[in-house]
Amino acid sequence: MDMNSTMKFAMAWNQFKNNHPKFPAFLKALTNKGIKEGSVVEIIVTSFDGEKIESSIKITKSDLELFESIKNMQQR
């Protein structure tokens, strides 16, 4: 990632955190608890008209490696 892209991402992430202040606390709680391989993440999106779209993923070792890479990027 070049510096310009990194700055844009940081600004977008800060805006996201301002718009959704509980979400970073949720992520921190997950980090403290620890997501383990085999855990299932379920996501439900409800549109303004009530339609629901649902998905779930089973966490793999490579997912955990990606999460660790993202965490390390934030600490820089």
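Residues numbered from 1 in each chain as written. Predicted model: local features only at pLDDT ≥ 70, side-chain atom pairs only at ≥ 80, totals over all residues. Heavy atoms only, no water.

Colleague: Any details on the overall build of the chain? Residues and values, ideally.
Modeller: Counting its regular elements, the chain contains three helices and two strands. The order of helices and strands in the chain, counted from the N terminus, is α-α-β-β-α. Here the C-alpha atoms of the chain give a radius of gyration of 15 Å, more than 25% beyond the 11 Å that 2.2 N^0.38 yields for 76 residues. Along the three orthogonal principal directions, the C-alpha set of the chain runs to about 40 × 35 × 20 Å. When the 76 residues of the chain are sorted by exposure, 1% land in the buried category. Of the contacts formed within the chain by residues at least 6 apart in sequence, a portion of 22% connects residues at least 24 apart. Split by element, the accessible area of the chain, about 6,900 Å² in all, is 59% carbon and sulfur. One finds the centroid of the 11 positive side-chain charges in the chain at a distance of 10 Å from the centroid of its 9 negative side-chain charges. (Helix = DSSP H or I, 4+ residues; strand = E, 2+ residues; numbered from the N terminus. Rg over C-alpha atoms; globule rule 2.2 N^0.38 Å. Buried < 20%, exposed > 50% of the residue type's maximum accessible area, 1.4 Å probe, protein only. Contact = heavy atoms within 4.5 Å. Areas by Shrake-Rupley, 256 points an atom, 1.4 Å probe, with all protein chains shown as cover. Lys, Arg positive; Asp, Glu negative; His and termini not counted. Charge placed at Lys NZ, Arg CZ, Asp CG, Glu CD.)

Colleague: Kindly report on the confidence of the model for the chain, identifying the contributing residues and their values.
Modeller: Residues of the chain with pLDDT of at least 70 account for 95%, and the chain-wide mean is 90. Helix α3 (residues 61-74) is the least confidently modelled element of the chain, averaging 85 in pLDDT, while strand β2 (residues 52-58) averages 97, the highest of any element. (pLDDT = per-residue confidence, 0-100.)

Colleague: If you had to explain the layout of surface pockets to someone new, which residues and values would you point to?
Modeller: The volume enclosed by the largest pocket comes to roughly 1,000 Å³. Ranked by residue count, the leading element in the lining of the largest pocket is helix α2 (residues 22-33), at eight residues. Taken together, the residues of the lining of the largest pocket break down into 15 nonpolar, four polar and six charged. (1 Å grid on protein atoms, 1.4 Å probe; cavity = no way out; pocket = protein on both sides within 12 Å on 5 of 7 lines; lining within 4 Å. Points joined across faces, edges and corners; volume = space filled by probe spheres on them. Nonpolar A, V, L, I, M, F, W, Y, C, P; charged D, E, K, R; others polar.)

Colleague: Please provide a residue-by-residue account of α2, values included.
Modeller: Given a rise of 1.5 Å per residue, twelve residues ought to cover 16 Å, and the 17 Å separating the end C-alpha atoms of α2 matches this to within 8%. Within two residues after α2, Gly34 carries a phi angle of roughly 90°, on the positive side. (Expected span 1.5 Å × (residues − 1).)

Colleague: Explain the environment of Ser39 to me, using residue names and the numbers behind them.
Modeller: Its location among the elements puts Ser39 in the loop between α2 and β1 (40-46). Each C-alpha atom of the pair Ser39 and Pro24 lies 20 Å from the other, and the pair is 15 residues apart in sequence. In this structure the side chain of Ser39 is engaged in a polar contact, spanning 2.8 Å, whose partner is the backbone oxygen of Lys36. (Polar contact = N/O pair within 3.5 Å; in protein donor to acceptor, adjacent residues only side chain to side chain.)

Colleague: Residues and numbers for the packing of aromatic side chains, please.
Modeller: The tally for this structure, following the rule as stated, stands at three aromatic pairs. Ring geometry for Phe16 versus Phe23: centroids 5.6 Å apart, planes at 85°, classification edge-to-face. Through a chain of ring-to-ring contacts, the aromatic side chains of Trp13, Phe16, Phe23 and Phe26 assemble into a single cluster. (Phe/Tyr/Trp six-rings, centres within 6.5 Å; stacked < 30°, edge-to-face > 60°.)

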